[in-house]
Amino acid sequence: MPSGMRDAAEPQRRPLAPHDTRAKIPLPVISHADVVAARRLIEGRIHRTPLVTSRTLGDICGSTKAFLKVEAFQRTGSFKPRGALNKVLHLSDEQRHAGLVAASAGNHAQAVAYAATSEGVKCTVVMPETAPFSKIEASRRYGAEVILEPSFADAFRRADQLRTEMGYTFIHPYDDEHIIAGAGTVGLEIVEDLPDVDAIVVATGGGGLVVGIAAAIEATHPHVRIIGVEPEGAAGLYAALDAGQVVQLDRIRTIADGLATPSTGRIVLEHARTMVDEVVLVSDEEIIQAMLFLLERSKIMAEPAGAAAVAAMLAGRISFPPESNIVAVISGGNIDLSMLRTFLPT
């Protein structure tokens with residue numbers, strides 16, 4: 001195990017909380033069929049990413065068989081185009097003509113820009129000034145008009161303002177049925193490539209990916225454990241499951257900009273209650289160690305968000321029976337080289 005991993009005899013995890021019974025507007029239910037429909041729609045427009053083995057990671061996790069689903073090799077460098085394309089392809093002619101707006105720290109911005117441009121739709125993305133420069137520039141190169149705001153919360157507010165004033169359709173980064181169903185196509189590929197998978201570990205920001213994967217396989221592989229991983233400094237889903245309702249975080253502090261969302265969403269929370277088995281937390285130091293592990297042992301350059309699932313496994317946050325087949329989703333690989341230099345040992 002790489003140096004710097006702390007003892008995790010008492011892992012932090014969040015099981016499901018009691019259902020919040022307050023009256024709510026009915027929310028969409030994302031099913032296996034929705035994910036299958038999304039795949040038919042986006043097929044040929046995205047890459048089918050590889051599922052590779054990691055013997056060392058499996059040994060560290062107690063004689064398990066570990067696999068990496070490398071979404072860092074996806075178009076735009078993350079899993080995000082799956083949902084963005086599914087959403088754009090569901091737009092009406094009127095929505096396409098009006099244009100789109102999105103708020104994102106980077107990967108969603110790039111994905112929406114890519115999806116919109118590929119369909120000839122005008123796109124504006126609002127990003128926090130703290131977003132990695134490489135993600136800002138990539139969003140521009142994919143065809144988006146980029147507006148910078150001081151924080152992620154400010155970016156969401158500005159995007160909502162543009163939606164109202166300009167008539168744009170807002171593309172939510174995670175709390176949208178088409179975004180979630182598109183993200184869930186990752187799960188379909190996993191169970192097709194590894195039918196006897198026992199657990200899937202997924203980095204969790206807003207939570208669209210983890211519940212999308214869960215929805216994709218719940219009907220066909222109900223025994224598979226679905227485990228979300230959040231940074232200690234941005235634990236929105238963890239907090240929401242604890243409270244039984246969406247919680248707005250007062251403070252976000254993590255190197256994983258792709259997971260630095262101020263809250264989960266209502267659609268995500270409703271699905272996570274019944275589809276996600278647990279959520280565990282990892283530190284930034286553990287994320288860095290996982291990035292270095294992936295770079296050294298698997299030759300995969302993961303961004304901090306992309307390494308979070310492996311961080312939980314390396315740090316012992318999750319226990320697995322021996323000989324289990326475990327998949328960690330490497331959700332993205334978009335990292336500033338200047339940031340990478342700060343993580344490399346001297």
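Scroll up to find the structure this text is about.
On a predicted model such as this, the values are computed, not experimentally measured, just so you know.

Calculation rules
- Per-chain numbering applies: the sequence of each chain, read as written, is numbered from 1 onward.
- Local features in this predicted model are restricted to residues of pLDDT 70 or higher, and side-chain atom pairs are both shown and tallied only at a pLDDT of 80 or more, whereas totals for entire chains, interfaces and linings draw on every residue.
- Side-chain numbers here rest on the full set of heavy atoms in the structure, without hydrogens or water.
- Helical segments are the DSSP runs of H or I of at least four residues, strand segments are the runs of E of at least two, and each set is numbered from the N terminus.
- Radius of gyration: C-alpha atoms only; globule rule: 2.2 Å multiplied by the number of residues to the exponent 0.38.
- Type-normalised accessible area, obtained with a 1.4 Å probe on protein chains alone, sets the label of each residue: buried when under 20%, exposed when over 50%, and partly exposed for intermediate values.
- Note on contacts: a residue pair is in contact if any heavy atoms of the two residues lie within 4.5 Å.
- Note on areas: Shrake-Rupley with a 1.4 Å probe; residue coverage comes only from the protein chains shown.
- Between Lys or Arg on one side and Asp or Glu on the other, a salt bridge is scored when a side-chain nitrogen of the former is within 4 Å of a carboxyl oxygen of the latter.
- The criterion is simple. A nonpolar core is a set of buried Ala, Val, Leu, Ile, Met, Phe, Trp, Tyr and Cys residues joined through side-chain atoms within 4.5 Å.
- To get an axis, a line is fitted to the C-alpha atoms, and for a helix only the part in contact is used. The angle between two axes follows their N-to-C directions and goes from 0 to 180 degrees.
- Note on angle classes: values under 35 degrees are labelled roughly parallel, values over 145 roughly antiparallel, values of 65 to 115 roughly perpendicular, and the remainder oblique.
- Crossing handedness is read from the near helix: turned anticlockwise from the far helix by less than a right angle, it gives a left-handed crossing, and turned clockwise, a right-handed one.
- Cavity means a closed set of points on a 1 Å grid over the protein atoms alone, one where a 1.4 Å probe fits but cannot get out, pocket means an open set with protein on both sides within 12 Å along at least 5 of 7 lines, and lining means a residue has an atom within 4 Å of a point.
- Grid points are joined across faces, edges and corners, and a volume is the space filled by probe spheres set on the points.
- When residue character is reported, Ala, Val, Leu, Ile, Met, Phe, Trp, Tyr, Cys and Pro are called nonpolar, Asp, Glu, Lys and Arg charged, and the others, Gly included, polar.
- Here a polar contact means two N or O atoms within 3.5 Å. Within protein one must be a hydrogen donor candidate and the other an acceptor candidate, and residues neighboring in sequence count only if both atoms are side-chain atoms.

Student: Can you lay out the overall build of the chain for me, pointing to particular residues and giving the numbers?
Tutor: Within the chain, the secondary structure is distributed over 15 helices and 11 strands. Its C-alpha radius of gyration of 19 Å places the chain within 12% of the 20 Å reference for a compact globule of 346 residues. Structurally, the chain occupies a C-alpha span of about 55 × 45 × 40 Å along its principal axes. Across the 346 residues of the chain, 59% fall into the buried class. A sequence separation of at least 24 residues applies to 75% of the contacts in the chain between residues at least 6 apart. Put simply, the chain shows about 14000 Å² of open surface, and 51% of that area lies on carbon and sulfur atoms.

Student: Let's hear about the pattern of salt bridges: which residues, and what values?
Tutor: This model, assessed by the stated rule, comprises 18 salt bridges. Linking Arg 45 and Glu 119 is a salt bridge whose minimum nitrogen-to-oxygen distance equals 2.7 Å. Of this pair, Arg 45 sits in the loop between α1 (32-42) and β2 (51-53) while Glu 119 sits in the loop between α5 (107-118) and β5 (123-128), placing them 74 residues apart in sequence. According to the relative accessible area criterion, Arg 45 is partly exposed, its value standing at 31%. A salt bridge links Asp 160 to Arg 163; the shortest N-O distance between them is 2.8 Å. With a gap of 3 residues between them, Asp 160 and Arg 163 both fall in helix α7 (residues 152-166), about one helical turn apart. What makes Asp 160 partly exposed here is its relative accessible area of 37%. Note on Arg 163: relative accessible area 35%, which makes it partly exposed.

Student: Please give an account of helix α10 (residues 208-217) that cites residues and values.
Tutor: When you tally the buried positions in α10, you get 10 out of 10 residues, the bulk of the element. When α10 is considered as a whole, its buried residues turn out to be Gly 208, Leu 209, Val 210, Val 211, Gly 212, Ile 213, Ala 214, Ala 215, Ala 216 and Ile 217.

Student: Which residues make up the nonpolar core, and what values do they have?
Tutor: Formed by 42 residues in total, the largest nonpolar core has its most connected members in Ile 200, Leu 209, Ile 213, Ile 226, Leu 237 and Val 329. With 8 residues, the top contributor of residues to this core is α10. Setting aside anything within four residues of it in sequence, one finds Ile 226 in contact with Ile 200, Val 210, Ile 213, Ala 214, Ile 217, Met 275, Val 276, Asp 277 and Glu 278.

Student: Give a description of the packing of helix α9 (residues 185-193) against α10 that names residues and reports values.
Tutor: Where α9 contacts α10, the two axes come as close as 7 Å, and the packing angle between them is 50°. Considering the angle they form, α9 stands oblique to α10. Between α9 and α10 lies a crossing whose hand is right-handed. Residue-level contacts link Val 186, Gly 187, Leu 188 and Val 191 of α9 to Leu 209, Ile 213, Ala 216 and Ile 217 of α10.

Student: Which residues make up empty space enclosed by the protein, and what values go with them?
Tutor: Tallied over the full model, the rule gives 2 cavities of 30 Å³ or more. Considering only enclosed or pocket space, the largest cavity measures out at about 370 Å³ in volume. Forming the boundary of the largest cavity are 34 residues, of which Phe 79, Lys 80, Gly 205, Gly 206 and Gly 258 lie nearest the centre. The element best represented in the lining of the largest cavity is α10, accounting for 3 residues. Together, Met 291, Leu 292, Leu 295, Ile 300, Met 301, Ala 302 and Leu 340 line the second largest cavity. Tallying contributions element by element places helix α13 (residues 284-298) first for the lining of the second largest cavity, with 3 residues. Taken together, the residues of the lining of the second largest cavity break down into 7 nonpolar, no polar and no charged.

Student: Describe the environment of Leu 209, naming the residues involved and giving the relevant values.
Tutor: Take Leu 209: it is sitting in helix α10. Of the residues examined, Leu 209 reaches a relative accessible area of 4% and is grouped as buried. A C-alpha to C-alpha distance of 8.7 Å links Leu 209 and Ile 179, two positions 30 residues apart in sequence. With residues near it in sequence (within four places) discarded, Leu 209 still touches Phe 79, Ala 183, Val 186, Val 202, Val 329 and Ser 331.

Student: Any chance you could break down the side chain of Thr 261 for me, citing the residues and the numbers?
Tutor: By the element assignment, Thr 261 lies in the loop between α11 (236-243) and α12 (266-275). Residue classification places Thr 261 among the buried residues on the basis of a relative accessible area of 7%. A polar contact of 3.2 Å, which involves the side chain of Thr 261, links it to the backbone oxygen of Gly 205. Setting aside chain neighbours within four positions, we find Thr 261 in contact with Phe 152, Tyr 174, Gly 205, Gly 206, Leu 249 and Ile 252.

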